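A closer look at the structure
The residues making up each chain are set out below.
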Amino acid sequence: MLQSSTAFSNGWAIDTTAPVDLTDSKDNYHPVFKAFLAGSFSGTFSTILFQPLDLVKTRLQNSSQHVVAATVNNRIQPGMIAIFANIVRQEHIAGLWRGMVPSIARCVPGVGLYFSSLHWLKSKLGKENLGPIEAVSLGVLARTMSGVTLIPITVIKTRYESGVYKYNSLSGALRDIYKAEGVRGLICGLGPTLARDAPFSGLYLMFYTQTKQAVPKELLQSPSAASVIHFSCGIVAGIAASLATNPADVLKTKMQLYPEKFPNAFSAAVYVQQTYGVKGYFKGAVPRMLRRTLMAAMAWTVFEEITRSIGLK
C-alpha cells in the first residue's frame, strides 16, 4: 500500500510516495505527536550540552552575588571568564551543570511543545513556503503556547542557576514558591519571558526559513550537505534573534530572582537603566548568544533529521 505525504519546501516537508508497513505502529502515530517526540529528543542533547553557558549568563545578570573580573568607574564589572572560573573553583566542574534538572524539565518538553505546535500551525496554514511575516507569526504563536505552559519551571530554573536560592528538588521548589509567594510567584516574569522567547522564536524562524529558501533545493536534498546547511542557517538566525531579545532576558532574570523588589518589568527596567545604563540590557549577551544560537541550530538540525527518518517529511 502506498501513502502520499506532503512536506514543506522550507525543510518541513517534500512530496513523497513511500511504501507503508501497516503493522508498524509508529506509522499510526499522529503527525503532531511525532513532531513532539522529535522536538523533545533534539532538545535533550542541546540542553545538556549548553547548560554551562546558560548558568554563566544567569550569574552575569546577577553579578553582585558573584566574583567579578574588575572594577571600572567604581562600578562592578563582571566577566564571563571570571564567573566561569569562580563556579569551577567553588562548585567544581559539576557546578557548571547546576540547575540541570529544571533545565531538562523545561527545555525538553518545551522544545517538543514548540515543534509540535509549529507543525500543527503550519498544517493549518496549508502553505508550502512561508513568507517573512508568516514565519514570524507562527514562531511567536508556537513559542507563546509552550512558554505559558512551562513558566513555573522557568522560574525554578532561573533561581537554581542563580546560586541565590537553595532548593532541594524540583517538587520542593514548586512547593516552597507556592507557599511563600502563591500563584504569582510561580508565574513571575511571564511578561518578559514571553517578550524574550516569542520574538526570539519568531525572528529565528523567519531568518531560518528565509535563509533555507535561498539555498538550492538540490543541496537540501543531499544527505551529505543537508545537516551542514541546516546548522549554518541556524547559526545565522540565532545570532540575530539573540541580540534582539537580550534586554527582555535581563528583565526576566531580575523579576524571577527578586519578585519583591521587581514586581513588574517597568521597575526592573528602571533599576537596570539607573544602575548600568543601556549596556545593562546586554549583560550576559555573549554566553546567551552562544547558547541560544548553538542550541537552536543543533535542535533544528537534529529535528530535521529525525522528522525525515520517521516520515514527517
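A brief report on the enclosed structure follows. Note that the structure is a prediction, hence the values are computed from the model and not measured.

Some points on the nonpolar core
- Counting 28 residues, the largest nonpolar core has Tyr114, Leu118, Tyr204, Leu205 and Trp300 as the members making the most contacts within it.
- Elements that contribute at least two residues to this core include exactly α1 (31-61), α3 (100-125), α4 (132-149), α7 (190-213), α9 (223-257) and α11 (285-309).
- Each residue touching Leu205, except ones within four places of it in the same chain, is listed here: Tyr114, Leu118, Ala135, Leu138, Gly139 and Trp300.
- Ile156, Tyr160, Tyr167 and Ile177 belong to the second-largest nonpolar core, a separate cluster that totals 10 residues.

Observations concerning helix α2 (residues 80-91)
- In this model, α2 (12 residues) spans 16 Å end to end at C-alpha, consistent with the 16 Å of a helix rising 1.5 Å per residue.
- If you check which residues of α2 are buried, you get Ala82, Ile83, Asn86 and Ile87. Each buried residue of α2 sits inside an arc of 135° when the element is viewed along its axis, so together they form one side. Those residues of α2 that are exposed and angled more than 90 degrees off the buried face are Ile81 and Arg89.
- Immediately beyond the C-terminal end of α2, within one or two residues, lies His92, with a positive phi of roughly 65°.

Reading the values: rules and limits
- Residues numbered from 1 in each chain as written.
- Predicted model: local features only at pLDDT ≥ 70, side-chain atom pairs only at ≥ 80, totals over all residues.
- Heavy atoms only, no water.
- Core = buried A, V, L, I, M, F, W, Y, C linked by side-chain atoms within 4.5 Å.
- Buried < 20%, exposed > 50% of the residue type's maximum accessible area, 1.4 Å probe, protein only.
- Helix = DSSP H or I, 4+ residues; strand = E, 2+ residues; numbered from the N terminus.
- Contact = heavy atoms within 4.5 Å.
- Expected span 1.5 Å × (residues − 1).
- Arc of directions from axis to C-beta.

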